[in-house]
Amino acid sequence: MFIKHVDDHNILNPNLLLVRLLKKTKKVNSKIPILFLLVGFVGEKRRQTKSINRRLSISLLSLSSLVFPLLYFCLSSSQQNKKKKKSREMAAAEDDRIARISSAIRVIPNFPKPGIMFQDITTLLLDPKAFKDTIDLFVERYKDKNISVVAGMEARGFIFGPPIALAIGAKFVPMRKPKKLPGEVISEEYSLEYGTDKLEMHVGAVQAGERALIVDDLIATGGTLCAGIRLLERVGAEIVECACLIELAELKGRDRLGDKPLFILISAV
Ligand SMILES: O=P(O)(O)OC[C@H]1O[C@H](OP(=O)(O)OP(=O)(O)O)[C@H](O)[C@@H]1O
Ligand SMILES: Nc1ncnc2[nH]cnc12
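Computed from a predicted model, the values in this text were never measured in an experiment. Note that residues are indexed from 1 along each chain, following the sequence as it is written. Chains and ligands are labelled by the order in which they are written, letters from A for the one and numbers from 1 for the other. For this predicted model, a pLDDT threshold of at least 70 governs which residues receive local features, and a threshold of 80 or more governs which side-chain atom pairs are given and counted, while totals over whole chains, interfaces and linings are taken from all residues. Water and hydrogen atoms were dropped before computing side-chain values, which therefore reflect all heavy atoms in the structure.

Trainee: Help me understand the site of ligand 1, please; the structure alone is not making it clear to me.
Mentor: Taken together, 16 residues form the shell around ligand 1, and within it D216, D217, A220, T221 and T224 come nearest. Within 3.5 Å is the distance limit for a polar contact, defined as a pair of N or O atoms, with the added protein rule that one can donate a hydrogen and the other accept it, and that residues adjacent in sequence qualify only through two side-chain atoms. In the environment of ligand 1, an oxygen atom lies 2.4 Å from a nitrogen or oxygen atom belonging to the side chain of D216. Its free accessible area being 500 Å², ligand 1 has 87% of it covered by the protein chains. Those elements giving two or more residues to the shell around ligand 1 turn out to be β7 (211–219) and α8 (223–234). Under the DSSP-based scheme used, a helix requires at least four consecutive residues in state H or I and a strand at least two consecutive residues in state E, with every element numbered from the N terminus. In terms of residue count, the dominant contributor to the shell around ligand 1 is β7 (four residues). By the convention adopted, Pro, Cys, Tyr, Trp, Phe, Met, Ile, Leu, Val and Ala count as nonpolar, Lys, Arg, Asp and Glu as charged, and the other residues, Gly among them, as polar. The class makeup of the residues in the shell around ligand 1 is six nonpolar, four polar and six charged. The nearness test applies per residue and asks whether one of its heavy atoms lies within 4 Å of the molecule or strand. For the accessible areas, the method is Shrake-Rupley and the probe is 1.4 Å, while residue cover comes only from the protein chains on display.

This is the structure:
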């Protein structure tokens, strides 16, 4: 209502301008412009009733209610622009890291069987920057997630799991192929892209209620990760996420994980 009133007096309406500015950006959401809005409003009310000098000083007050919100608006939008620029730069840096990781992985056709396009991560290990970037990307994602267990699948999960575990302050629990672990074990069988296998975990390595991350180099059919999930759930652990460097998306292993989230860096065909 006061907006219409000021229009009637045919003066520059700071309040109206402020309201338009506020409408333009939902992100300017602070008590400061509202304070100035109130000051302007009170000034406008009083301007109608007082002497010329009083009206002049009150008009100045009203004008300040335009200048300060404008300044505030300019400052906050420049801060928002800086934030947007920073997040664009971070996304670009992440893309660069993923591109480098991806190009460091070698693909060998027909290994170990005809028709298999083997994703060879040993070449990634030869590139210390790409290897470190791989670990860093996982660590950045999991460092504040209150994870106490990183479970790694034999054999290539043993390469990526331990550095992630150390960096996020979690213990590392190996999930091994049969008859490798010396203590009492629980085991789970699973099917692979090329055969069947079994995974085992030491009894007592993980306690009920612990928050676990499962790490492997690659998900193909999802059988290996499913076995890992079953082992951890049998002892009452909570699966926070499964993390793999590579996903063979065509094999739809992700679908076998049910409601367990999967994070991957690279999708391969
Ligand atoms: O999603 P899946 O169909 O279960 O396949 C993925 C698993 O296959 C590979 O390991 P592999 O069993 O070949 O063992 P290795 O690491 O000892 O070579 C890979 O490292 C994963 O662990
Ligand atoms: N295509 C593949 N490359 C590397 N490791 C694998 N494990 C299962 N399928 C694989």
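Trainee: I keep staring at the sheet that holds β7 and nothing clicks. Help me out?
Mentor: Read across the sheet, five strands follow the order β4-β3-β7-β8-β9 without closing on themselves; strand pairing throughout is parallel. On the outer flanks of this sheet lie β4 (171–175) and β9 (262–268), each paired with one strand and no other. Strand-to-strand twist across the sheet, computed as the mean angle between neighbouring axes with direction ignored, equals 15 degrees. Strand pairing is assigned whenever DSSP detects at least two bridges linking the two strands. Sheet topology places strand β3 (residues 149–153) next to β4; five bridges connect them, and they run parallel. Counterpart to A151 in the pairing with β4 is V173. Any two residues having at least one pair of non-hydrogen atoms within 4.5 Å are treated as being in contact. The axes used here are C-alpha line fits, helices contributing only the stretch in contact, and every angle between their N-to-C directions lies in the interval 0 to 180 degrees. The strands touched by helix α6 (residues 128–142) within the sheet are β7, β8 (238–248) and β9, with β8 carrying the most contacts at an inclination of about 150 degrees.

Trainee: Just to check I follow, could you spell out unusual backbone geometry for this structure?
Mentor: A negative phi angle characterises most non-glycine residues, just as the trans form characterises most peptide bonds. Residues F111 and P112 are joined by a peptide bond in cis, for which omega reads -5 degrees. As for its position among the elements, P112 is in the loop between β1 (106–109) and β2 (117–120). Cis geometry is found at the peptide bond from E154 to A155, where omega equals 0 degrees. Backbone geometry at K252 places phi at a positive 55 degrees, although glycine is not the residue there. Assignment of secondary structure puts K252 in the loop between β8 and α9 (253–256). Only protein chains enter the area calculation, which uses a 1.4 Å probe; residues under 20% of their type maximum are buried, those over 50% are exposed, and those in between are partly exposed. Among the residues examined, K252 registers a relative accessible area of 53% and is labelled exposed.

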